[in-house]
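Okay, here's what each chain looks like letter by letter:
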Amino acid sequence: MKHFHILLCLLESLFHVFTQCTDVAESEFWLEGDYLIGGLFDIHQDKTTFHHIRPEAIDCSSKTLTLSSYRRFQLMRFAVEEINNSTNLLPNVSLGYEIFDHCSASQNFPGIFDLLSVNGSVYPWGELQKNLSKYSKVFAVVGPFSSSETWTSAPLFMMDLIPMVSYGAASSAFSEKVKFPSFLRTVHSNEAIIDVIVEIILHFRWRWVSFLQSNDDFGTNGLELFKKKIAHTDICLAYSKTLFDKTNSSQIFKQIDAQMIPVIIVFAPKQIAEAIILSAIELNITNKVWIAGDTWSLNERLLKMNEIRSIGTVLGVSQSVVTIPGFSDFIYSTIDNSFYGREEQQTFCNQLCKCRSLSASRLVSIDPSFSFAVYSATYAVAHALHNVLQCGDGKCNSSITVYPYMVLAALKKSNFTLLNHRIQFDENGDPNFGSYSIVFWNASGDAEEIGVHTFYPSVHSCINGSNVQWYTNGEVPTSLCSEECSEGYAKEQDGIHKCCFTCEICPYGSYVNSTEDPYTCIKCAETEWSTEGSTSCNLRLVEYIRVTDGEAILIMVGALVLVGITLAMSVLFAINYNTPVVRSAGGPMCFLILGCLDLSSLSVFFYIDKPTMSFCILRYLPFILFFSVCIACFVVRSFQIVCIFKIAAKFPNIHSWWIKYHGQWLIITMIFVTQALLSVIGYSSGPPQPYNETVWYPERIILRCDTSLKANSASTILLLLLCSLCFVFSYMGKDLPKNYNEAKVITFCLLLLILTWTGFATEFMLYRGKQIETHNALAILSSLYSFLLWYFLPKCYIIICQPHKNTQKYFQDLIQNYTKTISQ
């Protein structure tokens, strides 16, 4: 019901206007023909913002004349005349037009209803669909120019699928075919214009910009698209402001200067953009880069002003100017015809110009923007009608009833050449042709082309800024919130804008990739390294003990020599098994000790080559297990020496039990089993793993084994306990006979053992290089050699070189002398 009342009001207003309009047979706004095209041109501009309580018509001829729009209006007339004179396009068919001065987006409905009328009447929606014999006066409409004008008028044409081909409405919303099914245009959408503006900003490496937009659909859509386009770039929108008719320009420029923004994008219709530029001149705004949209980039009034140079440098995006042959002659002939003798008469409201004072030369020199858009829109409609009427061979099928939807279907399939341009539309009704020029306002008052942005067959931009006369006297102005960081520094955002930042140097082991993510210091991979302030990582040098290394050969030779010596000693001891020296060294226990020394030396071979899990286990297990047996033998041996010389006399029962049950072998077996169980449990819960040491040396990777202290602590503690007991027992026998003092030798061997591992532990705390593994293997060999050389070698010397000391009598004399000394 609400919509019905609105329609009644509109019809009432329309009827009121009809009664005030007079009819004349001839007008430049109307041409009789077999088929009529509608035209909507904002020849005059209504700048008032008065809101009416009901729809009212407006007298456009009393408003401000827009010369560029009047030029476009004449261009449509010229195109229709050219088509009518053509023998190839619509032969024997006359094309007429009905054009209205569309000076207001909200008060020009009478003209729209006239175009929609059927025999002078406007039918409710749906009536035409029921009776196809009733169809609108026009089969297509060219126009209107602005997005705001299109928003209010397009829905009325969409209801009956009347094709509407706009030559200037750039809002991207019109590409939505669900809402605007019969809308097409011969200009690219705002999205394309914004693409070119962003290309300009990126080309000159500006990052800190402001955006001034008009208070209409064109400006609002432009701002939304600009924000979307720069979202994933380094461009920051520092300031944006909507321009109204009475905008406080002084306040805008103060805010721009306060944020030190040198680049200003003005995305607004010609009149609003002109007003803000004139305000900048009046306020003495200097040292700015202005980027103009296609609506005012060729503004002849501003271009010719001397003061325009004072505000800075003006760049712009413009429709590529296409020269239309014959149009100038048409203008000169039109200005002098009889239309201008009867300006006070009109066939319908808003079909009057009052252009008496306008000269042909002035009109020809006016801003040519959107000229080809009007020209191609008119020709597209004519070609669509040509196809609907099945024209060919110099004639058309006049029996075909032309309906708007038929012309719409033909329009969508448009494919013809016009002035070397292939006219086609995509699925959204947007043009598949055309390009934008990137211009610079030079000192001569001309818009000099410095680049071009083409769309088809592929999107391509080319900008040559060498000819631009910058206000900085040759240097391209900079527009940054913060100066770019030096190499190796990452940006740390300061505030809400990503263009405002501080610079932080990337630490060791990280780098910054300024092209991909200048805000993050990326950690190098484990196999890479970098110095402080790097832009890339270097491969680490992988180090481990190779078989061919000198230290590896030394370790293997040392282990093999040890094995050879132990075998020789075993043979020597076996030959002299019943001699006092061998018996005093432990008898059968000597062979166990020598065997365990051999097995312990197996560990050192696994310190060579790349570590694996099995290698890591075998580095520690043989040494821990069999060296513990060696120490257990020396513990028992030390205890036996102390018992024989000190405890036997005082505690004969303990001594007899020890001899009877072979206590030494029970203890050794128990220690072996305990250590084996602890090792199995420890390695099962946390086995040693190959480990890449990368902390100590950033430029290198040391391949080593990582042992779990918790998993191996029990085995290590047991070994340390055995060493401590051995040291205590051996120290207790320090005053035994000089030539029969095994305890002193064992004590000395333990001191060497303690010094070796204390030195290695100290080195391990200070150094983790490749040689630490070598030193670990050498510490193992040193431990084995200390017992082999200092405990067994003297015995071999006596057997071989001093056989007189290897007699029963010699040992008995030593013991008797020691016993007498104790008893005294």
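Undergrad: Please provide a residue-by-residue account of the pattern of salt bridges, values included.
TA: Any two side chains of opposite charge can pair if their charged atoms end up close together. Summed over the entire model, instances satisfying the criterion amount to 18 salt bridges. With its nearest N and O atoms 3.3 Å apart, the salt bridge here joins Lys229 to Glu191. A residue pair is termed long-range when its members are at least 10 positions apart, and Lys229 in helix α7 (residues 217-229) and Glu191 in helix α6 (residues 190-203) qualify at 38 residues. Owing to a relative accessible area of 25%, Lys229 belongs among the partly exposed residues under this scheme. Here Glu773 makes a salt bridge to Arg704, at a shortest N to O gap of 3.4 Å. Linking Glu773 in helix α23 (residues 771-801) with Arg704 in strand β27 (residues 700-706), this pair joins segments that are 69 residues apart in sequence. A relative accessible area of 7% means that Arg704 is categorised as buried. Overlapping salt bridges, with partners in common, bring together Arg619, Glu693, Arg704 and Glu773 in one network.

Undergrad: Describe the packing of aromatic side chains, listing the residues and the values that go with them.
TA: Going through the model one piece at a time under the given rule, you end up with 43 aromatic pairs. Taking 6.2 Å as the distance between ring centres and 90° as the angle between the ring planes, the aromatic pair formed by Tyr35 and Phe139 counts as edge-to-face. Of this pair, Tyr35 sits in strand β2 (residues 35-41) while Phe139 sits in the loop between α4 (127-130) and β6 (140-142), and the two are 104 residues apart along the sequence. Overall, the relative accessible area of 17% leaves Tyr35 in the buried class. In this structure Phe139 comes out as buried when scored by relative accessible area, which is 4%. With a centroid separation of 5.9 Å and 50° between ring planes, the pair formed by Phe573 and Phe792 is classed as tilted. Pair noted here: Phe573 is in helix α15 (residues 550-575) and Phe792 is in helix α23, with a separation of 219 residues, a long-range link. For the pair shown, Phe573 and Phe792 are each scored as buried.

Undergrad: If you had to explain the nonpolar core to someone new, which residues and values would you point to?
TA: The biggest cluster of nonpolar side chains holds 67 residues, and the ones touching the most others in it are Phe41, Leu90, Leu95, Phe139, Tyr375 and Leu389. Among the elements that line this core, the one with the most residues is helix α13 (residues 371-388), at twelve residues. Non-local contacts of Leu90, meaning those with residues more than four positions away in its chain, are made with Ile83, Leu95, Ala382, Leu385, His386, Leu389, Cys391 and Cys396.

Undergrad: Summarise the sheet that holds strand β8 (residues 183-185); cite the residues concerned and give the values.
TA: Strand pairing in a sheet is mediated by backbone hydrogen bonds. Such pairs are either parallel or antiparallel. Spatially, β1-β5-β2-β6-β7-β8 is the arrangement adopted by the six strands of the open sheet, whose pairing is mixed. Edge positions in the sheet fall to β1 (30-31) and β8, since each has one partner strand and no second. Pairing of β2 with strand β5 (residues 95-101), which is carried by seven bridges, proceeds in the parallel orientation. Following the sheet pairing, Tyr35 is matched in β5 by Leu95. Against the sheet, helix α2 (residues 67-84) touches β1, β2, β5 and β6, its axis set at about 170° to β5. α13 contacts β2, β5, β6 and β7 (164-166) of the sheet and is inclined by roughly 170° relative to β6.

Analysis parameters
Residues numbered from 1 in each chain as written. Predicted model: local features only at pLDDT ≥ 70, side-chain atom pairs only at ≥ 80, totals over all residues. Heavy atoms only, no water. Salt bridge = Lys/Arg side-chain N within 4 Å of Asp/Glu carboxyl O. Helix = DSSP H or I, 4+ residues; strand = E, 2+ residues; numbered from the N terminus. Buried < 20%, exposed > 50% of the residue type's maximum accessible area, 1.4 Å probe, protein only. Phe/Tyr/Trp six-rings, centres within 6.5 Å; stacked < 30°, edge-to-face > 60°. Core = buried A, V, L, I, M, F, W, Y, C linked by side-chain atoms within 4.5 Å. Contact = heavy atoms within 4.5 Å. Pairing = 2+ DSSP bridges. Axes fitted to C-alpha atoms, helices over the stretch in contact; angles between N-to-C directions.

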